[in-house]
Structure formats: structure tokens, C-alpha cells
Amino acid sequence: MKTPSIRLLPQTIQHWWKARKGQEDSSLPDVMDLLERKSLTTVFQPMVDLRTGSVMGHEALIRIPRNVAEMSYEDLIRAAKEQRCRAKFELGCMEVAIERWLVDRPGGQLFVNFSAQTLVELEEAEGIDTLLQVLRKHRLQPKRMGLDITGY
């Protein structure tokens, strides 16, 4: 008994292959455009010392307004990776967080998320000073900010 052959149209194969490989998704927003249009917002999650109950600092969490798109930060990072601008995007998110944090003036330290890969890329490109330049621009002392190394 012969196995029937299946003929797939080239478009069907391309669609399947893109889905299989996780290639660029046209439904993802242009992340650099979101930064330039100041479409991202920041919320702050308090970090509490459980022994004393005092707030030690705040972790900055980047959000995209629902009227722009409904997606998670992980979706934004995936889009930035696909668009080959993850380091610029993460630096831009850090700047958005610093600007908002300085307006709100909460006590303690500000913690921002960075991927280990972005930090390695900055170090390899001798661009680690870029982090300090952003802090200087906003007159934020480095001891008031911590980096939360993420696993995405």
C-alpha cells in the first residue's frame, strides 16, 4: 500500500515554518516606536524588609497601556529581541522608570530589570558606561539604583 503524497502550497509551508521557528510576528508592536512615543508606563512594586516591615525600595515594572495593545512585558522583550533592539529597549525602559520614579520621589532604592545578555553585550561593546550616563543625566546616584538580573 502506497502512502499518499501531500502537496503543500509554498505559502502554507512558509506559514508553518515561521510558526515553528518562532520568527517575527507582525502583530508585535515596534518597540522603539513605543519608547519614542512615550507609550510605556511604569508602576512600582514595593520591596519590603519582612523583619521590620519597612519599604526598602521599589521595583520598576514596565506596562503598555491597554489602549495601545494588550501584551505583557515578556511579549515586549520578545518583540525587542526579534527586532534586534533588546539592549536599546531595556536601556529605554530603565530611563522611563527613572523619570517616573524621580517624579514620584519614593524612598529607598529603585530596582530595574535587565537581562544578563544585555549586560554582557554592553560590557563587550564597552558600553557599560551607558548605564552611568543615564544616571548622570537624571542626577540619580548609583547607590540609589539596583539591577534585577532577569532570566528572560
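Before reading on, note that the structure itself is shown above.
Each value, and the rule that gives it
Residues numbered from 1 in each chain as written. Predicted model: local features only at pLDDT ≥ 70, side-chain atom pairs only at ≥ 80, totals over all residues. Heavy atoms only, no water. Disulfide = S-S within 2.5 Å. Buried < 20%, exposed > 50% of the residue type's maximum accessible area, 1.4 Å probe, protein only. Salt bridge = Lys/Arg side-chain N within 4 Å of Asp/Glu carboxyl O. Helix = DSSP H or I, 4+ residues; strand = E, 2+ residues; numbered from the N terminus. Patch = residues over 30% accessible without salt bridge, like charges linked within 9 Å, V, L, I, M, F, W, Y side chains within 5 Å. Areas by Shrake-Rupley, 256 points an atom, 1.4 Å probe, with all protein chains shown as cover. Axes fitted to C-alpha atoms, helices over the stretch in contact; angles between N-to-C directions. Parallel < 35°, antiparallel > 145°, perpendicular 65-115°, else oblique. Left-handed = near helix turned anticlockwise from the far one by under 90°. Contact = heavy atoms within 4.5 Å. Nonpolar A, V, L, I, M, F, W, Y, C, P; charged D, E, K, R; others polar.

(A) Structural view of the state of the cysteines. Summed over the entire model, instances satisfying the criterion amount to zero disulfides. Note on cysteine 85: no disulfide assigned, nearest cysteine sulfur contributed by cysteine 93 at a separation of 10.0 Å. Residue cysteine 93 is classed as buried on the basis of its relative accessible area of 4%.

(B) Region of the structure containing the pattern of salt bridges. On inspection of all chains with the given rule, the structure shows nine salt bridges. Note that glutamate 90 is salt-bridged to arginine 86, the shortest N-O span being 3.6 Å. Pair noted here: glutamate 90 and arginine 86 are both in helix H4 (residues 86-104), with a separation of four residues, about one helical turn. Per residue, the accessibility class of glutamate 90 equals that of arginine 86, and both read buried. The shortest N-O distance in the salt bridge between arginine 136 and aspartate 129 comes to 3.7 Å. Classification of aspartate 129 as partly exposed rests on a relative accessible area of 32%. When salt bridges with common partners are traced through the structure, they connect Asp75, Arg78 and Glu82 into a single cluster.

(C) Spatial organisation of a nonpolar patch on the surface. Nonpolar side chains collect at one region of the surface, where Val48, Leu50 and Val55 lie side by side and expose about 310 Å² of accessible area between them. With respect to the secondary-structure elements, valine 48 resides in strand E1 (residues 41-48).

(D) Broad picture of the packing of H4 against helix H6 (residues 129-137). Put simply, H4 and H6 touch, their axes get as near as 11 Å, and they point 25° apart. By the angle class used here, H4 and H6 are roughly parallel. The crossing of H4 and H6 is right-handed. Across the interface between the two elements, Leu91, Met94, Glu95 and Ile98 of H4 pack against Thr130, Leu131, Val134, Leu135 and Lys137 of H6. Residues that form the contact of H4 with H6 fall into these classes: six nonpolar, one polar and two charged.

That's the geometry; what it means functionally is another story.
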